[in-house]
Amino acid sequence: MRVAAVFRGGARRLTGVAAAFSLVILGLPVAALAQAAPPAEDEAPPARDEPDSATGAANGNEITVTATKREQLLLKVPVAVTVVTADTIEKAHIRDIEDISTLVPSLRVVDHQSTAQTAFYIRGFGNGDNNVGVEPSVGVFIDNVYRPRSAAEIGDFFPAITRVEVLRGPQSTLFGKNASAGVINIMTAEPKFHPGGEGEVSYGNDNALIARGFVTGPLSQTVAVSLAAGINRRDGYARNATTGDAINNRNRWFVRGQLLYEPDTQFKLRLIADYSRISELCCAVVNVRASAASAAVGGVVNNPATPFADVTYANFDPTNDIRDYGLSAEADYTLGPLTFTSITSWRKNRAISNSDADFTSADLLGRYSADVAIRTITQEFRVATNIDGPLNFLLGAFYSNEAIGDAGQTIYGRQFRSYANFLITQASADAYSLPALESEFGTLQGNPALYSGQFFAAGQGLDEAYHLTDNDFSIYGQADFKPIRRVTLTAGFDYTRDIKHFATDVVSSDVFSGLNLPALSTLATNAGIAQAIGGLLRVPGGVASPAEVAGFAGNPFTAPYYRLIANAVAARASQLLALRALQFLPPFLNVPNAVEPGRVSDGNLSWTARIAYDPSDHMRLYLNASTGFKASSVNLSSDSRPALSDAAAIVASGLAVVNQTYGTRFAGPEHSMLFEAGLKADWGIATLNFAAFREIITGFQTNLFTGVGYDLLNAQKESVDGFEFEGTIRPVAPLLLSQSLTYLRPKYDVFTNSTFGDVSGATPAGIPPLAFTAGASWDQPFGAGNHLVLRGDWHYESSVQVEDGLPAEIVTNPITGAVVNTQPAIAAARAFRRTVSEFDASVTWHFASGLELSVWGRNLTDDRYLTVVFDSPAQPGSVSAYTNEPRMYGVSALYKF
């Protein structure tokens, strides 16, 4: 009933175009059954350098994939997987994983504050943005080597990529702890034992220049090598109106070398070394709702009504410098029916960034920097059978050691003091100004000049340093058993043990944030009462002693006057407590300490159970149940706080700092569960892949920006029901039509402790109910080996709210800070929605000589939308956002030899 309900809900949401195209794709394959020749079950597809068509493209489910860590035809893989082939990458001018998302509706890629902070989502699940301690839910592998953090995944694609596999749903059984939502598996070509290569030059708008090359060939009869290199440069399409510079540019390059040693048919060794660098001015932030706060000190933002004019204001340009490099070795040895594989890797990544985090022309934050270094060592061993019989299995073990260092600063700029004065007068209803506040607090402590010029002074701020080591070990296995012809039973497991040690060294020099405002408020109340009573009693010096105050309060004739005085003074002093919201950078309790060990460990057993049935040589049906796992994520940010359960021990140990608050040091692990039914078919002139599913994640890790920090939490239970469809049809020889469609119905089943209170039953933001890609390609021969290829793709995502809420809109008690009402924060976010409708196209002339000339365009409709929306830091009422890229177009020349 649940699957049927999903289908009914999805059908109601289909657009007219999508529905019509679906009928074409679904209907034509039936007529094709009589014409299709049955392929042999184990028949391998043509190799990349031996194309089966003029374009070198494989046909649908004839593509070979390694989604199950075995080479299999896509038709025979009972897993929901989308494959983007080398031919598609080339002709659609796909440059990186973000571009891939326009062809894979279930995949979403979102940029954040810097190039290194890119998040991946599959079927609506994913995270990892802006906090290096947060584990990803989508695992990325390049040539079987795991890339643990997004900064190591966002570079340009290498030439000679053979395919990109996007595996949907939990894949922890074979891919480990960080594949609870899915896997992106990128494979490149091995070096060849015959000379060959390719070179490409592309030029486009905004002076976009891409030059890439790849060569391969033998050094001997047993050794072959390849070398790939490329640059990608483009002027920025956005303008910082304060500095006059163009930002959101491209400036990146890479080099990658491989060596293949193959002395015989039993042994093969593949060595890979790569280095890449990104040095860019990214990422532009636009204002979508302004407030009077920053304008009070002369700050300027863009016109919120025109966020897609690509104009931003910052008193310095955002910078990103990312270096990523590593070595890997893969050895395969075949002994009879067994193949032994060893994969070893060592990688380093360093990302240095700085940005004007107030996102205005005012010098409020003079520095918001991060220097993140990641070193990763992995080792995997596995053995797989290749038996011509009913049983085949795979067993393996995986170890990973990761070390992360993160150093950063948040420093007040020259104008923050003036800005703080404005905020203080607003918060206290003009009862206080900044100089008056400094004088009063100093006087209360016996020195009126104690704090003179010290509150929010330029150069004060936060110095941060974090360190994390992560040791992960897993053993896994999977077996395929064929009890009868056309039926395959699959069972798999993975046991993972993950241990993290973390440490912080965070120091705040913000004088105002270090004040104990409740204690000062009490002092101010007592001093005000003593001064008022002293004036009435005309005592020498004008200040009554404690005994005189007590006598005044206890005298039946003066007690009513005392209560009036006390209430009036207390009301004014209580306004000091409202200023706690301006203590942006409070003192930090570092970890490890006497109470908190700075350690978290997880153990988990994941499993897969699957049955596949082939009603014919053209079709495969399957049922799949599987689980996934993601280890605990550590909050490596200044918003890391001890748990409330440790409060008593922290106070008893004398560890509590001024203004001590409690929250989380880490989010607990995620556990995912998938139920899926699927169909794969290949009738020669048509292919079809369909999956209906229910996916549940318990303990889903959320990382929400609040305007001044991050809330790292676990949602108790989140689920998504949906279905996916992919199909191709070749109605006539030159024409290939394709369609991919994803329908999702997500839900927070139980989320009682969210930033916005209990949101159980609500729909998570950012997940479009319908995502749809339709494509067409016409390959027209012109004789003598020349041909013309016309290609177009339309990508559509239905309207969706961008964020769950805007935390700065939460109503709190100005005295106690307690939450009063979260509904304004949820309502404010409803104003910001996103709908996507992008069209990509290319025209390519192929010469028989190997030369290809293309005219291409991406997002030709210049469809603009908001990708991320958030509260502008420390600016009440202001909202900022990131936007997608505008129209890109150009020409290219590619030569293969």
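Residues numbered from 1 in each chain as written. Predicted model: local features only at pLDDT ≥ 70, side-chain atom pairs only at ≥ 80, totals over all residues. Heavy atoms only, no water.

Turning to the environment of L271, a few remarks are in order. As for its position among the elements, L271 is in strand 16 (residues 267–280). The exposure class of L271 is partly exposed, given its relative accessible area of 35%. For L271 and S328, which are 57 residues apart along the polypeptide, the C-alpha to C-alpha distance reads 5.8 Å. Among residues more than four places away in sequence, those in contact with L271 are G257, Q258, L259, S328 and A329. (Helix = DSSP H or I, 4+ residues; strand = E, 2+ residues; numbered from the N terminus. Buried < 20%, exposed > 50% of the residue type's maximum accessible area, 1.4 Å probe, protein only. Contact = heavy atoms within 4.5 Å.)

Our next topic: the pairing of strand 21 (residues 365–385). In the sheet, strand 20 (residues 338–354) pairs with strand 21 via 17 bridges, with the strands oriented antiparallel. Across the sheet, the residue bridging to K348 is R375, located in strand 21. For strand 21 and strand 22 (residues 391–412), the ladder comprises 19 bridges, and the chain directions are antiparallel. Looking at the pairing, V383 lines up with L395 of strand 22. Linking strand 21 back to strand 22 in an antiparallel pair, the connection comprises 5 residues. (Pairing = 2+ DSSP bridges.)

Here we come to the packing of helix 10 (residues 546–554) against helix 11 (residues 559–574). Packed helices, taken two at a time, are described by the angle between their axes plus the distance between the axes. Relative to each other, helix 10 and helix 11 sit at 115°, their axes nearing to 6 Å. Side by side, helix 10 and helix 11 meet where V549, F552 and A553 of the first sit next to A559, Y561, Y562 and I565 of the second. Among the residues forming the contact of helix 10 with helix 11, the class breakdown is 7 nonpolar, no polar and no charged. (Axes fitted to C-alpha atoms, helices over the stretch in contact; angles between N-to-C directions. Nonpolar A, V, L, I, M, F, W, Y, C, P; charged D, E, K, R; others polar.)

This next bit is on the pattern of salt bridges. A side chain of one charge can pair with a side chain of the opposite charge when the charged atoms of the two come close. All told, the structure shown has 47 salt bridges when counted by the stated rule. A salt bridge links D143 to R256; its shortest N-O distance comes to 2.6 Å. With D143 in the loop between strand 6 (138–142) and strand 7 (145–147) and R256 in strand 15 (residues 250–261), this residue pair connects regions lying 113 residues apart in the sequence. The class of R256 is buried, set by a relative accessible area of 5%. The partner of D793 in a salt bridge is R791, and the shortest N-O contact between them spans 3.1 Å. (Salt bridge = Lys/Arg side-chain N within 4 Å of Asp/Glu carboxyl O.)

Here we have 5 strands laid out as an open sheet, ordered 3-8-9-6-7, and mixed in their pairing. Taken across any chain shown, the strands that pair with only one partner, and hence form the sheet edges, are strand 3 (81–85) and strand 7. Each strand axis lies, on average, 20° off the axis of its neighbour in the sheet, ignoring direction. Taken together, the 5 bridges between strand 3 and strand 8 (residues 161–168) define a ladder with antiparallel strand orientation. By the bridge assignment, V83 is partnered in strand 8 with E165.

Here P105 shows up in the loop between helix 4 (97–100) and strand 4 (107–111). On the basis of relative accessibility, which here comes to 11%, the residue P105 falls in the buried class. Separated by 11 residues in sequence, P105 and I94 place their C-alpha atoms 15 Å apart. Among all residues touching P105, those that are not within four sequence positions of it are S740, L741, T742, A771, F772, T773 and H795.

A few words now on unusual backbone geometry. For the peptide bond that leads from C282 to C283, omega is 20°, which places it in the cis range. Tracing the backbone through its elements, the reader meets C283 in the loop between strand 16 and strand 17 (286–289). Cis peptide bonds are those with omega within 30 degrees of zero, and the linkage from V591 to P592 qualifies with 5°. Of note, P592 is situated in the loop between helix 11 and strand 26 (599–616). Positive phi outside glycine occurs at N207, with the angle close to 55°. Following the sequence through the fold, N207 ends up in the loop between strand 10 (196–204) and strand 11 (208–218). Judged by its relative accessible area of 43%, N207 falls in the partly exposed class. Notably, A784 is not glycine yet its phi reads approximately 60°, a positive angle.

The topology assignment puts R834 in strand 38 (residues 833–846). Summary of buried charges: R834 has no salt-bridge partner, and the nearest side chain of opposite charge, E797, is 4.1 Å away. Polar contacts involving the side chain of R834 include one to the main-chain carbonyl oxygen of G766, which spans 3.3 Å. Ignoring anything within four residues of it in the chain, the contact list for R834 reads R108, G766, P768, E797, S798, S799, V800, V802, Y865, L866 and T867. (Lys, Arg positive; Asp, Glu negative; His and termini not counted. Polar contact = N/O pair within 3.5 Å; in protein donor to acceptor, adjacent residues only side chain to side chain.)

A few words now on the packing of aromatic side chains. For the structure shown, the criterion picks out 26 aromatic pairs. Here the aromatic rings of Y412 and F416 are separated by 4.2 Å at their centres, their planes lie at 15°, and the arrangement is stacked. The exposure class of Y412 is buried, given its relative accessible area of 3%. Chaining the aromatic ring pairs together yields one cluster made of Y412, F416, Y419, F441, Y451, F455, F456, F512 and F584. The ring of F175 carries the charged tip of K69 above its face, separated from the ring centre by 5.2 Å. (Phe/Tyr/Trp six-rings, centres within 6.5 Å; stacked < 30°, edge-to-face > 60°. Lys NZ or Arg CZ within 6 Å of the ring centre and 35° of its normal.)

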